[in-house]
Amino acid sequence: MWFKNLQIYRFTDWQVTPAELEELLSKRPLQACLSTEMQSQGWVPPGIEKDQLVYARGQQMLIALGTEKRLLPASVVNQLAQTRAQEMEARQGFAPGRKQKKEIKEAAYYELLARAFTVRQANYAWIDPVDGWFVIDSANIAKADGLTEALLKSMPSIALRRIRTTLSPTSAMTRWLSGDEPPAAFSVDSDSVFRSRDDKKVSVSYTRHPLDPQEIAKHVGTGKEVTKLAMVWEDRISFVLDENLQVKRLTLLDINEEPAESAEEQFASNFFLMTEELKQLLPDLIDAMGGEAAE
């Protein structure tokens, strides 16, 4: 269990035990899609134990929001609707009008929806009641917000907010590449993206290409700023930081993992290692941005 992407949130005054959270989430479990539904959402077991909706080790917790979605491409619906329209034209002797075509397409959609295959996915979130972190493993902001919305429905009393820092990530990353040294815990890696301040469509990307000072000065001098930057923390974790303070492509580096005797022990070991590392990485990252912004 290692998160690959981090959407970082804060909460205050967490008073819910794992058992109480389990009871709350059990009221909204994932259910199979109805024949008239495109998708359904609900909580699913995040760990090895298939009868538990909260995985807890010590004071750290893991939850997962499951989504069951029907696979129904628009092209398939359009093809059936076209066939049905042709059949109607043959019966009545003239082409169906706009209203009839709309009704035909809706009927085709629901006919196919009931027979469409479904796929299931899970989106994970780590809860740290000690230090107030709520972190979602997702590269997609909309999916992360969907999980927080689902949690707020299950726990209306909780208050969540996206982390905000004094310095914007774009400002900090541009400074680090323009001459300012990054904080001691971090080193700059070889992937970066420069984007124009005036025209957001104009950008330059570098992959596995360390930049020399002349290239950096040229980009900054022409009004570009850094919106993505590959970094390494304490020679233990590599990641890409973006302009929204999202951590992506998080990878564990050269940390020896103890072999486990079972899948349960391996999961527990990985979860413990991940949470211990992130509990150190996140404060360092926030400090590198000048600390948390005042509310």
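Above this note sits the structure.
One structure accompanies this document, and this report is about it. Note that the structure is predicted; figures quoted are calculated from it, not measured.

Time to look at the overall build of the protein. When its secondary structure is counted, the protein shows 7 helices and 12 strands. By the compact-globule yardstick of 19 Å for 295 residues, the protein is too spread out, its C-alpha radius of gyration being 24 Å. With respect to the three principal axes, the spread of C-alpha positions in the protein is 75 × 55 × 40 Å. For the protein, with 295 residues in total, the buried portion stands at 43%. With 35 positive and 43 negative side-chain charges, the protein shows a separation of 12 Å between the mean positions of the two kinds.

With that settled, consider the nonpolar core. Residues Leu-6, Phe-186, Phe-239 and Leu-241 are the most contacted members of the largest nonpolar core, which totals 42 residues. Elements that contribute at least two residues to this core include exactly strand E6 (133-136), helix H5 (169-178), strand E8 (186-196), strand E10 (224-233), strand E11 (237-242), strand E12 (247-252) and helix H7 (263-288). When neighbours within four sequence positions are excluded, Leu-241 is seen to be in contact with Met-173, Thr-227, Lys-228, Leu-229, Met-231, Gln-246, Val-247, Leu-285 and Met-289. Of all hydrophobic cores here, the second largest spans 22 residues; its members include Phe-11, Trp-14, Ala-125 and Phe-134.

Here we come to the packing of aromatic side chains. Using the criterion set out here, one finds 7 aromatic pairs in the structure. Between Phe-11 and Trp-14 the ring centres are 5.0 Å apart and the planes differ by 50°, which places this aromatic pair in the tilted class. Like Phe-11, the residue Trp-14 is buried in the burial classification. When the ring of Tyr-109 is compared with that of Tyr-110, the centres are 5.1 Å apart and the planes differ by 80°; the resulting orientation is edge-to-face. With a relative accessible area of 45%, Tyr-110 lands in the partly exposed category. Here a set of aromatic residues connected by ring pairs shows up, and it is made of Tyr-55, Phe-267 and Phe-271. The lysine or arginine in question, Arg-10, covers the ring of Trp-133, its NZ or CZ lying 3.7 Å from the ring centre.

So, about the pairing of strand E4 (residues 60-70). Counted residue by residue, E4 has 10 buried out of 11 residues, so it is predominantly covered. Direction of pairing for strand E2 (residues 39-44) relative to E4: antiparallel, over a ladder of 6 bridges. By the bridge assignment, Ser-40 is partnered in E4 with Glu-68. Across 3 bridges, strand E3 (residues 55-57) lies against E4 in antiparallel orientation. From the neighbouring strand, Ala-56 faces E4, where its bridge partner is Met-61. As paired elements, E4 and strand E5 (residues 118-128) share 10 bridges and run antiparallel to each other. Pairing of Ile-63 across the sheet is with Ala-125, part of E5.

Rules behind the numbers
Residues numbered from 1 in each chain as written. Predicted model: local features only at pLDDT ≥ 70, side-chain atom pairs only at ≥ 80, totals over all residues. Heavy atoms only, no water. Helix = DSSP H or I, 4+ residues; strand = E, 2+ residues; numbered from the N terminus. Rg over C-alpha atoms; globule rule 2.2 N^0.38 Å. Buried < 20%, exposed > 50% of the residue type's maximum accessible area, 1.4 Å probe, protein only. Lys, Arg positive; Asp, Glu negative; His and termini not counted. Charge placed at Lys NZ, Arg CZ, Asp CG, Glu CD. Core = buried A, V, L, I, M, F, W, Y, C linked by side-chain atoms within 4.5 Å. Contact = heavy atoms within 4.5 Å. Phe/Tyr/Trp six-rings, centres within 6.5 Å; stacked < 30°, edge-to-face > 60°. Lys NZ or Arg CZ within 6 Å of the ring centre and 35° of its normal. Pairing = 2+ DSSP bridges.

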